[in-house]
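Commentary on secondary and tertiary structure
Now for the letters of each chain:
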Amino acid sequence: MLSKLDFTFSIQQANKSIFIFANDKDYIDCDTIHSQIYEKIQDDEEYKNISLEELQSYKPSLFLDSTLLLGSSEIESNPFLFGELDKDNTIKQDTPTYYFSPKDEENNLGTLLIFLNASTLTLLNYSLLDSTLNIKLTLTNKESKEKQDKAIIQREQKQHKEQLKPLSTAMLHPILEDNEMKCSHGGVVQLKSNLGKSITDKNIPMVLETDLLYSSIVGCPNPPLSGGPCTQVALILPHSRGLKKHNGDYPIMQDLVSSGVFSDKGVPLICTPKANSYKKIA
């Protein structure tokens, strides 16, 4: 039976980082690692003000026996085996080697075994698509790449179906200045109404499309190796608008942000639903 917490960790609030230190024969469940850490820090005065949502936006770094695990390229002749070869074509023992065993073809989820010298680390529910815990595994084998492409298509189809589902009009409200909007990394969009400032609900102005486009994003922790932090709203797709113009411009609907509004790094933005007096401006 797996123990509840098979690793130690350190948190740096200043740069929003989590350092996770694993040892030989440890098991880590990628699905629950953040909630486990969150539960652990509730007894610490220094960290108990961190919410679980905020913690999930922190950049994780995973170490095995003090070696940072960054990932590797697939050995083409060995599907789902990632690592480096010696001159005699054998796998190097003194650098991390990764073996991925898929269990969920749709999301490319599975178990990742990591070998280093005589140590072994097991990651449960690791995702090749999402490079869980910043471990990036590059596929080179034709069969593996085909499975990856299939998983990407299946995910996109699933997301498209979700977008086509009828939305409850109860929460189809336009964005106001007091809404909370973030990039998927946790950076905060600075909402400021200009064109929509004359349209208010309880003295809070509406944010129209022109107001939202190119709004600044602050505090995004996305590291340079992953493309760098989001800095502004860069793209608003037409389906995220209400249908009626106000002051010559369209409102943006809260529930449609995640499928239609993107940062300059191409990631979707997320708006926390919050009711106001404007319902389904269409």
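Reading the values: rules and limits
Residues numbered from 1 in each chain as written. Predicted model: local features only at pLDDT ≥ 70, side-chain atom pairs only at ≥ 80, totals over all residues. Heavy atoms only, no water. Helix = DSSP H or I, 4+ residues; strand = E, 2+ residues; numbered from the N terminus. Buried < 20%, exposed > 50% of the residue type's maximum accessible area, 1.4 Å probe, protein only. Contact = heavy atoms within 4.5 Å. Areas by Shrake-Rupley, 256 points an atom, 1.4 Å probe, with all protein chains shown as cover. Pairing = 2+ DSSP bridges. Axes fitted to C-alpha atoms, helices over the stretch in contact; angles between N-to-C directions. Salt bridge = Lys/Arg side-chain N within 4 Å of Asp/Glu carboxyl O. Core = buried A, V, L, I, M, F, W, Y, C linked by side-chain atoms within 4.5 Å. Phe/Tyr/Trp six-rings, centres within 6.5 Å; stacked < 30°, edge-to-face > 60°.

Let us look at the overall build of the chain. The number of helices and strands found in the chain is 5 helices and 17 strands. For the chain, with 282 residues in total, the buried portion stands at 41%. Contacts spanning at least 24 positions in sequence make up 56% of the contacts within the chain whose residues lie at least 6 apart. Counting every atom, the chain has about 15,200 Å² of accessible surface; 51% of that belongs to carbon and sulfur.

If you check the backbone angles, Lys25 has positive phi at about 70 degrees while not being a glycine. Tracing the chain through its elements places Lys25 in the loop between β2 (17-22) and β3 (26-29). Despite not being glycine, Ser66 shows a phi value in the positive range, around 70 degrees. In this structure, Ser66 sits in the loop between β4 (59-64) and β5 (67-68).

With that settled, consider the sheet that holds β4. Pairing within the open sheet is mixed, and its 4 strands lie in the order β1-β2-β4-β5. With partners counted over all chains shown, the strands left at the sheet margins are β1 (8-12) and β5, one partner each. Relative to β5, β4 is paired through 2 bridges, and the arrangement is antiparallel. Opposite Phe63, over in β5, you have Leu68 as the bridge partner. The strands that helix α1 (residues 33-41) touches are β1 and β2; relative to β1, the one it contacts most, it runs at about 75 degrees.

Moving on: the pattern of salt bridges. By the definition in use, this model includes 6 salt bridges. Across the pair Lys25 and Asp24 runs a salt bridge, and its minimum N-O distance is 3.0 Å. Using a relative accessible area of 32% as the deciding quantity, one classes Asp24 as partly exposed. Measuring nitrogen to oxygen at the nearest pair gives 2.8 Å for the salt bridge that ties Lys274 to Asp178.

Attention now moves to the nonpolar core. Membership of the largest hydrophobic core comes to 32 residues, with the highest contact counts inside it found for Leu62, Leu123 and Ile135. Among the secondary structure elements, those contributing two or more residues to this core are β2, α1, β4, β7 (97-104), β8 (109-116) and β9 (119-127). Apart from residues no more than four positions distant in its own chain, Ile135 is found in contact with Leu62, Leu69, Leu70, Gly71, Tyr98, Leu112, Ile114, Leu123 and Tyr126. Core analysis: the second largest hydrophobic core is formed by 18 residues, Ile175, Met181, Val189 and Val233 among them.

Glancing now at the packing of aromatic side chains. Tallying each qualifying case throughout the model produces 4 aromatic pairs. Plain terms: the ring middles of Phe19 and Phe63 are 6.4 Å apart, the flat faces sit at 40 degrees to each other, and that makes the pair tilted. Residue Phe19 is found in strand β2, and its partner Phe63 is found in strand β4; the two are separated by 44 residues along the sequence. Consider the rings of Phe100 and Tyr126, whose centres lie 6.0 Å apart with planes at 70 degrees: the pair is edge-to-face. Remark: Tyr126 occurs in strand β9 and Phe100 occurs in strand β7; sequence separation between them is 26 residues. Through a chain of ring-to-ring contacts, the aromatic side chains of Phe19, Phe21 and Phe63 assemble into a single cluster.

With respect to the helices, strands and loops of the structure, Gly83 is situated in the loop between β6 (81-82) and β7. Take Gly83: its relative accessible area is 14%, and that puts it in the buried class. For the pair formed by Gly83 and Phe115, sequence separation is 32 residues and the distance between their alpha carbons is 9.6 Å. Beyond its immediate stretch of four places on either side in the chain, Gly83 contacts Ser72, Ser73, Ile75 and Pro96.

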